[in-house]
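Below are the chains, spelled out letter by letter.
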Amino acid sequence: MKRIAVRNLRLCTKDCLCLYVCPYGATDTEDSIIDASKCTGCGICADACPSGAISMVPEDYPPQQVKTDEVKNAIEKLAYSRTLAEAKARRAASESGKDGLRRLMKAIEGSSRLVAEDLMREGRYMLPQSSNALDLTSALLDDPPSKDFPEESAREILSRIRCNDRKESGGSYRCSVCFTEFTADEGETPICPMCHASGKDLETI
Amino acid sequence: MKYICSVCGYVYDEEAEKIPFASLPDDWVCPMCRAPKNLFVPEESEAREPADEPQEAEEYHDSRKLSPGVLAAIFSNLARGAEKQYRAKEAEAFTAIAAYFTRHSDSGDSSSPEAIRALLSDDLSRGYPDLRKKAAAAGDRGAARVLVWGEKVTRMASSLLERYEKEGEAFLAGTSVWLCTVCGFIYIGDNPPGICPVCKVPSWKFTRIE
């Protein structure tokens with residue numbers, strides 16, 4: 001499995017040994033982020049770092065455990081209730097004139113979100129690379145719930161993240177928005193290179 | 001006889017403490033997590049596990065009907081996932097979608113402390129036991145894990161609301177409210193606990209609610 005080096009800036013103390021040891025210049029960047037296009041995954045920088053700030057992460061993450069329908073339902077029911085409590089606490093905090101109640105409600109808002117996140121992480125949305133996460137994003141982009149939905153952000157996600165648990169067969173596509181024809185490689189999410197359309201806006205040719 | 005704190009697992013051993021549990025004052029709280037006395041359970045009753053009964057097959061409901069609130073949690077969690085992988089641009093994009101759904105989330109009719117506590121009580125009496133049963137039946141250890149912290153955190157939040165309903169502003173005057181940023185445990189005190197009584201991370205993972 002191919003790995004690449006990433007640097008944790010919270011741990012980095014700028015000893016810069018990574019700069020010295022990397023044979024490919026991947027650590028020699030202006031923004032402190034290791035250049036993934038140059039990194040070959042040799043791990044020399046991670047071994048050299050005196051702060052333990054560099055980790056080797058897999059390029060492709062393993063798929064998440066499959067969930068039964070019963071577990072999915074039970075998780076989503078709880079997550080629904082917890083996020084309803086979160087929304088109520090947020091409203092109570094903003095409306096409360098009492099300082100103690102306002103702080104307690106803010107804590108319950110934050111706590112409920114953390115619990116709901118943990119639930120949905122287990123409810124099949126753990127990895128940004130999962131087909132669940134990408135299909136959900138794609139479905140929202142195809143049929144935005146309202147006009148102010150941040151479509152640009154959804155397009156950005158779909159163009160930057162490659163799915164880890166579904167093999168796209170690859171092939172040629174025609175965009176039904178701008179009529180551009182293009183090809184996508186196997187394993188790559190097809191996105192129109194001209195107008196960034198995706199999902200049902202593309203037809204295979 | 002021993003009594004176990006249902007939030008953090010602290011054991012009150014009557015033999016070692018020399019004071020019967022029942023004689024402790026009503027405002028006595030757990031020395032670890034400050035859970036009230038009524039969240040302690042006698043040791044024996046704790047081991048009681050619901051028996052596995054055959055489950056009726058249940059169909060998965062339509063996931064396209066997820067509420068804006070749940071979608072907000074899914075996307076803020078994906079933002080965390082992207083951040084952990086050092087994908088700053090993707091994290092930003094997920095955060096923007098999460099913020100959109102947070103803005104559109106519905107708080108229903110009442111947002112009183114009583115209404116929120118009713119929701120939490122329902123989770124504790126039905127939601128969590130239901131998930132525990134389903135996770136055990138499916139042999140799903142991940143889902144079983146998620147309950148362990150969530151249930152304790154919810155129990156604490158519910159008991160703090162109950163205390164606020166009884167004592168009002170005096171309960172929180174002149175002291176701080178702390179939130180564990182990993183599991184969501186809420187702690188009331190001048191300083192955060194040394195480690196989180198629920199998920200055991202160090203005190204610097206706590207944030208003070210301003």
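Small disclaimer: the values here were computed from a predicted structure and weren't measured.

J.: Help me out: how do you make sense of the overall build of chain B in this one?
T.: Secondary structure assignment for chain B yields six helices and six strands. Each helix (α) and strand (β) of chain B, taken in turn from the N terminus, gives the series β-β-α-β-α-α-α-α-α-β-β-β. On the principal axes, the C-alpha backbone points of chain B span a range of 55 × 50 × 40 Å. Evaluated residue by residue, chain B yields a buried proportion of 47% over its 210 residues. One finds the centroid of the 26 positive side-chain charges in chain B at a distance of 6 Å from the centroid of its 33 negative side-chain charges.

J.: Can you help me understand the overall build of chain A in this one?
T.: Summing up its helical and strand segments, chain A has six helices and five strands in all. Of the regular secondary structure in chain A, the N- to C-terminal order runs β-α-α-β-α-α-α-α-β-β-β. By the compact-globule yardstick of 17 Å for 205 residues, chain A is too spread out, its C-alpha radius of gyration being 22 Å. A principal-axis box enclosing the C-alpha atoms of chain A has dimensions of 60 × 55 × 35 Å. Out of the 205 residues belonging to chain A, those deemed buried represent 50%. Of the contacts made within chain A by residues no fewer than 6 positions apart, 56% connect residues no fewer than 24 positions apart. When the accessible surface of chain A is totalled, it reaches about 10,100 Å², and 50% of it is carbon and sulfur. If you average the places of the 28 positive and of the 33 negative side-chain charges in chain A, the two averages end up 8 Å apart.

J.: So what exactly am I meant to see when it comes to helix H4 (residues 99–122) of chain A here?
T.: Because an α-helix packs 3.6 residues into every turn, residues spaced three or four apart end up facing the same way. Residues and elements named next belong to chain A. Compared with an ideal rise of 1.5 Å per residue, which puts 24 residues at 34 Å, H4 spans 35 Å between its outermost C-alpha atoms and is within 8% of the ideal. In terms of burial, H4 is largely enclosed, as 20 of its 24 residues are buried. Trailing H4 by a residue or two, arginine 124 shows a phi angle of about 85°, which is positive.

J.: For this particular structure, what's the right way to read the sheet that holds strand E1 (residues 2–5) of chain B?
T.: Two strands in a sheet stick together by hydrogen bonds in their backbones, pointing the same way (parallel) or opposite ways (antiparallel). Residue and element names in this part refer to chain B. Strand order in the open sheet made by the three strands is E2-E1-E3, with antiparallel pairing throughout. Since the sheet does not close on itself, it has two edges, and those belong to strand E2 (11–13) and strand E3 (40–42), each with one partner. Neighbour to neighbour, the strand axes of the sheet diverge by 30° on average, direction disregarded. Relative to E3, E1 runs antiparallel, the two sharing three bridges. If you follow cysteine 5 over to E3, its bridge partner there is phenylalanine 40.

J.: Looking at this structure, I do not really get the interface of chain A and chain B. What am I missing?
T.: The accessible area lost on association of the parts is a frequent measure of interface size. The partner chain B presents 85 residues to the 76 residues of chain A that form the contact. The contact between chain A and chain B buries some 6,900 Å² in all, and 62% of this surface belongs to carbon and sulfur atoms. On the surface where chain A and chain B come into contact, there are eight salt bridges. B:Glu83 is the partner of A:Arg10 in a salt bridge, and the nearest nitrogen-oxygen pair spans 3.3 Å. Across the chain A-chain B interface, the total number found is 30 residue pairs in polar contact (both at pLDDT 80 or more). Of all elements in the fold, only strand E1 (3–7), helix H3 (69–95), H4, helix H5 (131–142) and helix H6 (151–160) of chain A reach the threshold of two or more residues within the side of chain A that touches chain B. A per-element tally of the side of chain A that touches chain B places H3(A) first, with 24 residues. In the side of chain A that touches chain B, the residues fall into 36 nonpolar, 13 polar and 27 charged.

J.: It is not clear to me how the packing of H3(A) against helix H3 (residues 68–84) of chain B should be interpreted in this structure. Could you clarify?
T.: The description of two helices packed together rests on the angle between their axes and the distance between the axes. Packing of H3(A) against H3(B) brings their axes to within 8 Å, and their N-to-C directions diverge by 95°. Between H3(A) and H3(B), the crossing angle belongs to the class labelled roughly perpendicular. When H3(A) is examined against H3(B), the residues A:Ala79, A:Tyr80 and A:Thr83 are found in contact with a partner set consisting of B:Gly69, B:Val70 and B:Ala73. Looking at side-chain class alone, the contact of H3(A) with H3(B) contains four nonpolar, two polar and no charged residues.

J.: Is there a simple way to explain the packing of aromatic side chains in this structure?
T.: Note on aromatic pairs: each is described by the distance of the centres and the angle between the planes. Tallying each qualifying case throughout the model produces 13 aromatic pairs over all chains. Considering the side-chain rings of B:Tyr12 and B:Trp28, the 5.5 Å spacing of their centres and the 80° angle between planes classify their relative orientation as edge-to-face. Of this pair, B:Tyr12 sits in strand E2 while B:Trp28 is found in the loop between helix H1 (14–17) and E3, placing the two residues 16 residues apart along the sequence. Here the aromatic cluster, defined as three or more aromatic residues joined through ring pairs, consists of A:Phe149, B:Phe75, B:Phe94, B:Tyr100 and B:Phe101. Above the plane of the ring of B:Phe21 lies B:Lys37, whose end atom (NZ or CZ) is 5.6 Å from the centre.

J.: What's the story with the pattern of salt bridges in this structure? I'm lost.
T.: Think of it this way: side chains of opposite charge can pair up when their charged atoms draw near. Residues and elements named next belong to chain A. Counted by the stated rule, this structure contains 31 salt bridges over all chains. Between aspartate 99 and arginine 103 there is a salt bridge whose closest N-O contact spans 3.1 Å. Residue aspartate 99 and its partner arginine 103 are located together in helix H4, separated by four residues, close to a single helical turn. With a relative accessible area of 40%, aspartate 99 lands in the partly exposed category.

Calculation notes
- Residues numbered from 1 in each chain as written.
- Chains lettered and ligands numbered in written order.
- Predicted model: local features only at pLDDT ≥ 70, side-chain atom pairs only at ≥ 80, totals over all residues.
- Heavy atoms only, no water.
- Helix = DSSP H or I, 4+ residues; strand = E, 2+ residues; numbered from the N terminus.
- Buried < 20%, exposed > 50% of the residue type's maximum accessible area, 1.4 Å probe, protein only.
- Lys, Arg positive; Asp, Glu negative; His and termini not counted.
- Charge placed at Lys NZ, Arg CZ, Asp CG, Glu CD.
- Rg over C-alpha atoms; globule rule 2.2 N^0.38 Å.
- Contact = heavy atoms within 4.5 Å.
- Areas by Shrake-Rupley, 256 points an atom, 1.4 Å probe, with all protein chains shown as cover.
- Expected span 1.5 Å × (residues − 1).
- Pairing = 2+ DSSP bridges.
- Axes fitted to C-alpha atoms, helices over the stretch in contact; angles between N-to-C directions.
- Buried area = accessible area lost by both parts, 1.4 Å probe.
- Salt bridge = Lys/Arg side-chain N within 4 Å of Asp/Glu carboxyl O.
- Polar contact = N/O pair within 3.5 Å; in protein donor to acceptor, adjacent residues only side chain to side chain.
- Nonpolar A, V, L, I, M, F, W, Y, C, P; charged D, E, K, R; others polar.
- Parallel < 35°, antiparallel > 145°, perpendicular 65-115°, else oblique.
- Phe/Tyr/Trp six-rings, centres within 6.5 Å; stacked < 30°, edge-to-face > 60°.
- Lys NZ or Arg CZ within 6 Å of the ring centre and 35° of its normal.

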